[in-house]
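Secondary and tertiary structure notes
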2 protein chains.
Amino acid sequence: MTLSPNCSELDTSRPTNAEQCPVTPDLFRGLFRQHGAGVAIVTASIDGQRAGFTATSLVSVSAEPPVIAFNISQRSSSWRVIAGQDYVGVHILAKRHEPLATRFATSGIDRFAGVGAQAGPHAVPILRDVDTWMVARIRNRIPHGDSSLVIAQVTDAVVGETAEAPLLYQNGRYLDIADDYQI
Amino acid sequence: MTLSPNCSELDTSRPTNAEQCPVTPDLFRGLFRQHGAGVAIVTASIDGQRAGFTATSLVSVSAEPPVIAFNISQRSSSWRVIAGQDYVGVHILAKRHEPLATRFATSGIDRFAGVGAQAGPHAVPILRDVDTWMVARIRNRIPHGDSSLVIAQVTDAVVGETAEAPLLYQNGRYLDIADDYQI
């Protein structure tokens, strides 16, 4: 059992509690290190400037209307574009896209350099190597701390036909799924 | 490439587009069949009645303050409790919890029957077999179609110490991750 540093002398057979002991950022991150996730790349373009980032927070909210949500740090290099543009591209990554996921999570580089991409609906950058993607119109950006939960309605979509193993992430690394994977 | 049924005669080299062709629920579900997810069980209790469901939509929104989000169908048997109670328990599942995940996704049964659970903070049912869990206070329920995106602030948390392979879900089934899994 891991408790936040301020509470190390408390009875560790009981949960930390807000009244006794706050859930610190470190404790919170410890919770989510144990949670797996699928991986997507979110892209957008504003005034000809492209932005994109790897997201492990993509979720389906509603099929009718088709609504998704994802999270973004306001300290992210992509935040200015996501804050200023209403349309985003969301690419669902397969296992073979791990290098692309790493690239779009790396700071201080031109993430699009050498990556095949073309302007899709609403000038959203679409990554050529990814078969399953959507374009969505942002309906809401809900700030919490220094992150924003973005809620968006899907306006355009392409689903790749090939059955592929998904890219999965947990605790700072991509996971190997069994070789006999089949959809 | 899969298009919505109404658009089968369109040029399939282009994405479906809202102006030409709506993103149907089937097409939307096809997108998310390719997306992997971690698995959690969300619980709550109201007037002594316990509810719980398996969720593949848990995401971390912010570490400071500690905020999470998850999705729930308003047609879910758990919805009445989640709509009426401000505190929920969120259990992060490991691979060994697959039977528990299946149980809490099965309709028409008493999901808690035979499952060790005790009342935690705010009477939230805590599943004894799950080592990593949190209690969170709901801040917002955002309806979209017949689902609600629930945003909640974590008030209590326990992180299990044991390194365990996470439970992962995609396209209607749980995934096998490689046996050499190590955190």
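Residues numbered from 1 in each chain as written. Chains lettered and ligands numbered in written order. Predicted model: local features only at pLDDT ≥ 70, side-chain atom pairs only at ≥ 80, totals over all residues. Heavy atoms only, no water.

Per an unreviewed UniProt entry, chain A is named Flavin reductase family protein, and its organism is Saxibacter everestensis.

**Overview of the environment of Ser60 of chain A**
Here is the rule we go by: A run of H or I in DSSP counts as a helix once it spans at least four residues, and a run of E counts as a strand once it spans at least two, with each numbered from the N terminus. Only protein chains enter the accessibility calculation, which uses a 1.4 Å probe; a residue whose area is less than 20% of its type maximum is buried, one above 50% is exposed, and one in between is partly exposed. The contact definition used throughout considers only heavy atoms, calling two residues in contact when any of these lie within 4.5 Å.
Here Ser60 of chain A is to be found in strand E4 (residues 59-63). Under the relative-accessibility criterion, Ser60 of chain A is labelled partly exposed at 26%. When the C-alpha positions of Ser60 of chain A and Ile151 of chain A are compared, they lie 9.9 Å apart, and in sequence the two are 91 residues distant. In this structure, Ser60 of chain A is in contact with Val67 of chain A together with Phe28, Phe32 and Asn71 of chain B, ignoring residues within four places of it in sequence.

**With respect to the sheet that holds strand E2 (residues 40-46) of chain A**
Quick note on the threshold: Here, strands pair whenever DSSP counts at least two bridges between them. Helix axes are fitted only over the stretch in contact, all axes being lines through C-alpha atoms; the angle between N-to-C directions runs from 0 to 180 degrees.
Here 7 strands make up an open sheet; going across it, the order is E3-E2-E6-E9-E10-E5-E4 (chain A) and the pairing antiparallel. A strand with exactly one partner marks an edge of an open sheet, and here the two such strands are strand E3 (49-55) and E4 of chain A. Going across the sheet, the axis of each strand differs from the next one's by a mean of 30 degrees, ignoring polarity. As judged from the 7 bridges shared by strand E5 (residues 66-73) of chain A and strand E10 (residues 147-158) of chain A, these two strands associate in the antiparallel manner. Residue pairing across strands places Ala69 of chain A opposite Ile151 of chain A, the latter belonging to E10 of chain A. Across the sheet, helix H1 (residues 25-33) of chain B touches E4, E5, strand E6 (87-92), strand E9 (133-144) and E10 of chain A, and the angle it forms with E4 of chain A is around 170 degrees.

**Here we look at the pattern of salt bridges**
Where we set the bar: Between Lys or Arg on one side and Asp or Glu on the other, a salt bridge is scored when a side-chain nitrogen of the former is within 4 Å of a carboxyl oxygen of the latter.
Per the stated rule, a full pass over the model turns up 12 salt bridges over all chains. Glu164 of chain B is the partner of Arg96 of chain B in a salt bridge, and the nearest nitrogen-oxygen pair spans 2.4 Å. Within this pair, whereas Arg96 of chain B is found in the loop between strand E6 (87-92) and helix H3 (98-103), its partner Glu164 of chain B is found in the loop between strand E10 (147-158) and strand E11 (168-170), the two being separated by 68 residues in sequence. Taken together, the salt bridges that share partners define one network made up of Arg96, Asp129, Asp131 and Glu164 of chain A.

**As for the sheet that holds E10 of chain B**
Here we have 7 strands laid out as an open sheet, ordered E3-E2-E6-E9-E10-E5-E4 (chain B), and antiparallel in their pairing. Of all strands in the sheet, those with a lone pairing partner are strand E3 (49-55) and strand E4 (59-63) of chain B, marking the two edges. When the angles between neighbouring strand axes are averaged without regard to direction, this sheet yields 30 degrees. One ladder, built from 4 bridges, connects E4 of chain B with strand E5 (residues 66-73) of chain B; its direction is antiparallel. What sits directly across from Ser60 of chain B, in E5 of chain B, is Ile68 of chain B. Across the face of the sheet, helix H1 (residues 25-33) of chain A comes into contact with E4, E5, E6, strand E9 (133-144) and E10 of chain B while running at roughly 170 degrees to E4 of chain B.

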